[in-house]
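Close look at the chain arrangement
So you can see what is in the structure, the chains are spelled out below.
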Amino acid sequence: MSEPAWERVVELFHSALERSPDERAAYLRAECGADESLYGTVLALVAADRPADDDPFERIAEATAADLMTGRSPRALVGQQVARYRVVAHLGSGGMGDVYRASDPALGRDVALKLLAPRFQADANFRDRLEREARAASSLNHPNIVTIYEIGRADGYEFVASELVDGETLGDVIRRGPVMVASLSEIGGQVAAGLAAAHAAGIVHRDIKPENIMIRRDGLVKIVDFGLAKSAAPGGDASAPTRVTGAVRAIAGTVCYMSPEQALGRAVDHRSDLFAVGVVLYEMATGVRPFNGPSEAALYDAILHAPAAAPSAIRPELPQALDAVIGRALEKDRELRYQSAADLGAELKRLQRPLAAAPLALPAPLPARAVRWRRAAVIASGVAAMALAVAAVRRPARVELLPTRFTIGPPPHTEFTRAGTVVPSVTVTVSPDGRRVVFLANEPGAPGRLWVRSLDAVDAVPLDDTDNATFPFWSPDGSSVAFFVESELRIKALGGGSARTIAATERGRGGSWNRDGVIIFGTAEGPVFRVSSGGGVPSPVTTLDRARGGSWHRFPEFLPDGDHFLYLERSGDTRTLCVGSLDGRTNTRLFPTEVRASFAEPGYILFVEQGALLARRFDTARLELGSDAEELAPSVATSTALDASFAVSSTGTLAYAARAATKSQPAWFDRSGRMLANVGIPADYLAVRLSPNDKTAAVARSGVNEDAPDIWLLDVARGAASRFTFNKWLDISPIFSPDGETVVFSSSRSGRFELFRRAARGGAEETRLFTAPDPVYADDWSPDGRYIVYSSERPGRSWDLGLLDVAAVRATPLASSQYNEYQGRISPDGRWLAFISDETGQPEVYLRAFPVGDANVVISTRGGSEPSWRRDGRELFYVSPDGTMMSVSVAVAGGHPSPGRPQSLFRVKVPGRSLRNGSTYAASADGQRFLVTGAGPETAASAVTVIVNWRHGLRP
Amino acid sequence: MTGLLHAWSGGDRAALDELIPLVHQQLRQLARRHLARERPGHTMQPTALVNEAYIRLVRERGMAWRDRAHFLAVAAQLMRFILVDHARRHRYKKRGGGAPTIALDIDVEDPRPAGILAIDGALDDLAKVDERKARVVEMRVFGGLSVVESARLLGVSPETVTRDWRFARAWLQRELGK
């Protein structure tokens, strides 16, 4: 997009504002003619105009001053008392403040405690608004509106205590993919019912969006955050239009759900809420939003003028009746929309009629091979299932033992912590009595910690002092959990207290604890060790078979005798499940398998084969295996550390998480974000690089049912792909030499990421190029061919950039500080290095002289990653934190680079995660086209399936 | 930053060189004092801090400034600098640690706007296309200058400052909402 002339924008802005709100769009249309960019830009600016007395920037400046003055941060409040509430955890940050989970000792219940941010405390405007929200909502008594308990002021805080909704937001649900029609009409109907009650009381919500709709575990829907709600009129006439105050919209900032009248700054009424519900329904049905645009201006324009594509055009299986309902809710002219929430609710109910009353949560798919399960399984969800499960556990002898399955999601406001990234896996382990599970979950951006969930309780409880825990395992009595953190093995008692360090260990990989207080654990690059649960110095109990190229023993697990144990051995290029014993005398190889396996009473080994979870008979006395294997689950997640997302108790409770789909389709895009052509197949892509002549792309991608990515070469004209590396270890970060003849990449084949090289035409063997004490990833090759820039990861510390002299194979540090530096990209003239550093607290793109120089020039303005040069060195691309492709012109004057202002080009990927040692796009030499691999949605594993009495589903 | 100040200080370089460290020190001291007091719920506006610094420097040092507006304009830039610096440090502190990763690290980026850092970045952007409008925002938000004072320092009419202010607010609003 070309940038409209600044003077013209300023002039049109002021003259549009001299006109009445209703005339502005038409005026600008006439003035701008065919210049869509100018029209969109000015329209967005006019919509952002605020009354003079309303200045959010001063408030934000005050906010920072307040933080500076008080030293407050949201997390600092945890454990403190506010009024009579004790703050337990920080749940999230909203427009006007932070929301905490707090306990109310007086009534013995937990509440959601919303505190007005310190920055707004002094502002009467904001205090009023918070109070207005609370009063508006508290005047409503409806099951679909969150209940307000108390509004108050204490200890210098304005606060609102409300019902704590145990569940997740509709946003969480939508992120997992489109919602079934039955669920959609059920959820939509409840939202409509809540809104009908609010509208009847003269209250317009004004900020309906998926994040403001909570779904309790039992399926009850609650509308939260009447933060923008305003009594429509003193007389209570909900249809009388009122004006939204400026700053309110400024803070909400969710343009996507804005009605056309809101976008124009016109009066808003209850029908504006119904439009927003239409957007939400659309998103539930299709997984995408109805109005989109590469820029905000374009988004405004779409809301105002563009008709949304019919949902059935996106997902053909959707009924036409749903198109009609959503289409009417999304009418631009509010006179043509549903005129009341009740009407909309009734229409949504009608959608349900031809369908059977389906449960809200869909059961996980049944295993295809275990046919008997189809008849025997009791499928239920939520609390009912848990009650069943517990009944089955407690009275195993008297009830008919049916396998019972249900799913548990991450606690509200958290996600399961991903172990590994190629395919996200979930860390889950079941207590010896089968009544509790422990899993790893984290708030977005925060370290993962352990949570324990009793299967007969509704909530999971976080375990203090377990931040960054990995590979947890239970004590035999179920009173404690052991885990690894950094280079220590720790034990945490569930009863409380802080975690106790038992032993020092390098990179622990799974452990087990017997009744005699002996703990055994595996290591990333060593044998199985033992140590007393009371603490001590670990001693090895297995011996690596160096002669056979053995390099580690991981995931030991005691067999029932507490003496023998299973473990996974790597020997050369194969992994084998083995049995060892504490006295070191037993050393039996069972069978080759790829990832962790587990013993299950009364005599099975549970293991993963081709992505499925299987059970095989195992005689522990003779250490003999049965010949058949039966499938327990068609899909189970595994991690790059070779862990697998399942666990089983001796009482027959099995928990597992299925693999999440992360496939994306690589495609060419032009600078405006228009898709030009697909290239290759959908798969899990971790990196993409173009050869110097733009004809070949080197990608790191994983195959079907295979977590470990290989390097593939794509012929970008024909789309043909040829596999370039062949092994079950991780091959990532490919780069081309300047002549395009050689590909260098990182591989973990010897246990740690090293650099390998191979001729791009294939043929010759791969040769090891460079090994360092830490994992290294290839970043870029200098144009003269002399150097390779690489990122290295000091485990537990920071990422640094290094420079490898290719001919001499000599490495020197390039950028190493306490902060993370990575993704080095050398300019085409070989004089500058673009790279990422997070020294300001967020990743930004910097430029410095290459190969020597430490004066950094910051390129990005609000975060950035994945820099890449246009081949003439005059333009630099990067990806902003919200996933937008950015462009910066780079001129060099007097030996100093002078970057221009970053311009956004198009949305290139979903915001959020990105790999430091990966890449999601490659720019063509002329900078006109982008080969993008990361455009598709990325789904984390979202549920753990628990099966009680798993073995009763097997053939007898 | 000093370069910016020099550029529009009207050539009074010696005075300015003396001014900057003094104002900076004064602002920091004031911030620390308020920090020590820690009164929850009682916040301090940056503009009030700047004004307080001015009164103290005049009273305690008997220094004669060209005028109050000139002082406040310089202090506004310093205030912005101090707040941005604070926010950066604070963010870094808050973001220590991170999700554990095995074998392949993931970089969890926070897509939320960063308050003062976002304003700072947006103001830099604005200054690149329209220096005066950015200066108006700085004077008003961080310095507490009135429209008339700003107009005099920038050598334009008060009406122009009012228009600049209105446009700049809409522009920033849009930038921050992105």
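Every chain is numbered on its own, with residues counted from 1 as its sequence reads. Here the convention is simple: chains get letters from A, ligands get numbers from 1, in the order in which they are written. Reporting in this predicted model follows two pLDDT cut-offs: at least 70 for local features of residues, and 80 or more for side-chain atom pairs to be given and counted; totals over whole chains, interfaces and linings ignore these cut-offs and use all residues.

Notes on the overall build of chain B
Helix numbers and strand numbers start at the N terminus; a helix is a DSSP run of H or I with at least 4 residues, a strand a run of E with at least 2. A tally of helices and strands in chain B yields eight helices and one strand. Overall, chain B shows an N-to-C arrangement of helices and strands of α-α-α-α-β-α-α-α-α. Using C-beta atoms placed from the backbone, we call a residue buried if 20 or more other C-beta atoms fall within 10 Å of its own, exposed if 12 or fewer do, and partly exposed for counts in between. Residue burial in chain B is summarised as follows: out of 178 residues, 45% are buried. It is the C-beta atoms, placed from the backbone, that decide contacts: two residues are in contact if theirs lie within 7 Å. The contacts of chain B with a sequence gap of at least 6 include a subset with a gap of at least 24, amounting to 66%.

A look at the overall build of chain A
Looking only at helices and strands, chain A has 17 helices and 63 strands in total. In chain A, which comprises 956 residues, the proportion classed as buried is 52%. Sequence separation of 24 or more characterises 52% of the internal contacts of chain A that already satisfy a separation of 6 or more.

Brief notes about the sheet that holds strand 32 (residues 604-609) of chain A
Residues and elements named next belong to chain A. Here a strand pair is declared whenever DSSP counts at least two bridges between the two strands. With respect to topology, four strands assemble into an open sheet ordered 31-32-33-34, the strand pairing being antiparallel. Strands with a single pairing partner mark the edges of an open sheet, and in this sheet they are strand 31 (598-600) and strand 34 (624-633). Sheet twist, expressed as the mean angle between neighbouring strand axes with direction ignored, is 35°. Judged from the six bridges that link them, strand 33 (residues 612-619) and strand 34 form a sheet pairing that is antiparallel. Looking at strand 34, one finds that leucine 613 is bridged to alanine 633. Fitting a line to C-alpha atoms yields each axis, with helices limited to the stretch in contact; the angle taken between N-to-C directions then spans 0 to 180 degrees.

Some words on the packing of helix 2 (residues 21-32) of chain A against helix 3 (residues 36-47) of chain A
Residues and elements named next belong to chain A. In the contact formed by helix 2 and helix 3, the axes pass within 9 Å of each other and the chain directions differ by 155°. Viewed along their axes, helix 2 and helix 3 adopt a mutual orientation that is roughly antiparallel. The two elements helix 2 and helix 3 meet at a crossing, and its hand is right-handed. Note on element contacts: helix 3 touches helix 2 through Leu38, Tyr39, Val42, Leu43 and Val46, opposite Arg24, Ala25, Leu28, Arg29 and Cys32. Looking at the contact of helix 2 with helix 3, its residues break down into eight nonpolar, no polar and two charged. An angle below 35 degrees is read as roughly parallel, one above 145 as roughly antiparallel, one from 65 to 115 as roughly perpendicular, and any other as oblique. For any pair of crossing helices, the crossing counts as left-handed if the nearer helix is rotated counterclockwise from the farther one by less than a right angle, and right-handed if it is rotated clockwise. Charged residues are taken to be Asp, Glu, Lys and Arg, nonpolar residues to be Ala, Val, Leu, Ile, Met, Phe, Trp, Tyr, Cys and Pro, and polar residues to be all remaining types, Gly included.

A few points about the nonpolar core
A:Val42, A:Val277, A:Ala329 and B:Ala75 are the most contacted members of the largest nonpolar core, which has 108 residues in total. Residues contacting A:Ala329, with those up to four places away along its chain left out, are A:Leu274, A:Phe275, A:Val277, A:Gly278, A:Leu281, A:Arg337, A:Tyr338 and A:Leu344. A:Leu686, A:Trp781, A:Phe835 and A:Leu931 belong to the second-largest nonpolar core, a separate cluster that totals 76 residues. As used here, a nonpolar core is made of buried Ala, Val, Leu, Ile, Met, Phe, Trp, Tyr and Cys residues. They are joined through C-beta atoms within 7 Å.

Focus: helix 8 (residues 181-200) of chain A
All names here are of chain A. Compared with an ideal rise of 1.5 Å per residue, which puts 20 residues at 28 Å, helix 8 spans 28 Å between its outermost C-alpha atoms and is within 8% of the ideal. Of all 20 residues in helix 8, 16 are buried; the element is thus mostly enclosed. Backbone geometry just after helix 8 places glycine 202 at a positive phi near 80°. To estimate how far a helix should reach, multiply one less than its number of residues by 1.5 Å.

Some words on unusual backbone geometry
All names here are of chain A. Cis geometry is adopted by the peptide bond preceding proline 602, which originates at glutamate 601 and carries an omega value of 0°. At the junction of phenylalanine 850 and proline 851, the peptide bond is cis and its omega measures out at 0° in the coordinates. Of note, proline 851 is situated in the loop between strand 53 (844-849) and strand 54 (857-858). Although it is not a glycine, phenylalanine 555 adopts a positive phi angle of roughly 50°. Within the secondary structure layout, phenylalanine 555 lies in strand 27 (residues 550-558).

Section: the environment of A:Leu915
Residue position: A:Leu915 is located in strand 60 (residues 913-915). Note: C-alpha distance between A:Leu915 and A:Glu866 (49 residues apart in sequence) is 9.2 Å.

A look at the pairing of strand 20 (residues 480-485) of chain A
All names here are of chain A. By the bridge criterion, three bridges tie strand 19 (residues 470-474) to strand 20 in an arrangement that is antiparallel. By the bridge assignment, phenylalanine 473 is partnered in strand 20 with alanine 482. What sits between strand 19 and strand 20 in their antiparallel hairpin is a turn of five residues, with glycine 478 showing a positive phi close to 75°. Here strand 20 pairs with strand 21 (residues 488-493) via six bridges, running antiparallel.

Re the pairing of strand 37 (residues 667-670) of chain A
Regular strands place side chains that alternate from one sheet face to the opposite one. All names here are of chain A. As paired elements, strand 37 and strand 38 (residues 675-678) share three bridges and run antiparallel to each other. Within the sheet, the bridge partner assigned to alanine 667 lies in strand 38 and is asparagine 678. The loop that links strand 37 with its antiparallel partner strand 38 comprises four residues; one of these, glycine 673, has a positive phi angle of about 95°. Relative to strand 62 (residues 929-932), strand 37 is paired through four bridges, and the arrangement is antiparallel. Its bridge partner being in strand 62, alanine 667 is matched across the sheet by valine 932.

Remarks on the sheet that holds strand 23 (residues 508-513) of chain A
Residue and element names in this part refer to chain A. Taken together, the four strands give an open sheet; going across it, the order is 23-24-25-26, and neighbouring strands pair in antiparallel fashion. Because the sheet does not close on itself, it has two edges, and the strands there are strand 23 and strand 26 (539-540). As paired strands, strand 25 (residues 529-532) and strand 26 are joined by two bridges and run antiparallel to one another. Within strand 26, the position partnered with arginine 530 by the bridge is serine 539.

A word on the packing of helix 5 (residues 116-129) of chain B against helix 6 (residues 131-143) of chain B
Residue and element names in this part refer to chain B. Look at helix 5 against helix 6: their axes get within 6 Å of each other, and the N-to-C directions meet at 145°. For the pair helix 5 and helix 6, contact is made by Leu123, Leu126 and Ala127 and by Glu131, Lys133, Ala134, Val137 and Glu138, respectively. Residue composition of the contact of helix 5 with helix 6, by class: five nonpolar, no polar and three charged.

Notes on helix 6 of chain B
Residue and element names in this part refer to chain B. An ideal rise of 1.5 Å per residue puts 18 Å on 13 residues; helix 6 measures up with 17 Å between its terminal C-alpha atoms. Burial analysis of helix 6 places 11 of its 13 residues in the buried class, the great majority of the element. Those residues of helix 6 that sit buried are Lys133, Ala134, Arg135, Val136, Val137, Glu138, Met139, Arg140, Val141, Phe142 and Gly143. Among the residues trailing helix 6, glycine 144 stands out with phi positive, at a value near 70°.

Details of the environment of A:Val806
Residues and elements named next belong to chain A. Relative to the helices and strands, valine 806 is located in the loop between strand 49 (799-805) and strand 50 (810-815). On the neighbour-count criterion, valine 806 (19 C-beta atoms within 10 Å) is partly exposed. When the C-alpha atoms of valine 806 and isoleucine 788 are compared, they prove to be 6.6 Å apart, with 18 residues separating the residues in sequence.

Re the environment of A:Leu931
Within the secondary structure, A:Leu931 is located in strand 62. Distance from A:Leu931 to A:Pro666, taken between C-alpha atoms, is 6.8 Å for residues 265 residues apart in sequence.

Comments concerning the confidence of the model for chain A
Residue and element names in this part refer to chain A. Summary statistics for chain A give a mean pLDDT of 80 and a share of 80% for residues scoring 70 or more. In this model residues 70-75 is a low-confidence stretch, pLDDT under 50, and it forms 11 contacts with partners more than four residues away in sequence or in other chains. Long-range and interchain partners of residues 354-401, a stretch whose pLDDT sits below 50, account for 78 contacts in this model, where long-range means more than four residues apart. The score called pLDDT rates the predictor's confidence residue by residue, from a low of 0 to a high of 100.

Overview of the confidence of the model for chain B
Residues and elements named next belong to chain B. Here chain B shows a mean pLDDT of 66. Residues at 70 or above account for 49%. Note that pLDDT drops below 50 for residues 36-43; the model gives that stretch 17 contacts with residues more than four away or on any other chain. Segment residues 91-114 is flagged for pLDDT under 50; beyond a separation of four residues in sequence, or across chains, it makes 69 contacts in the model.

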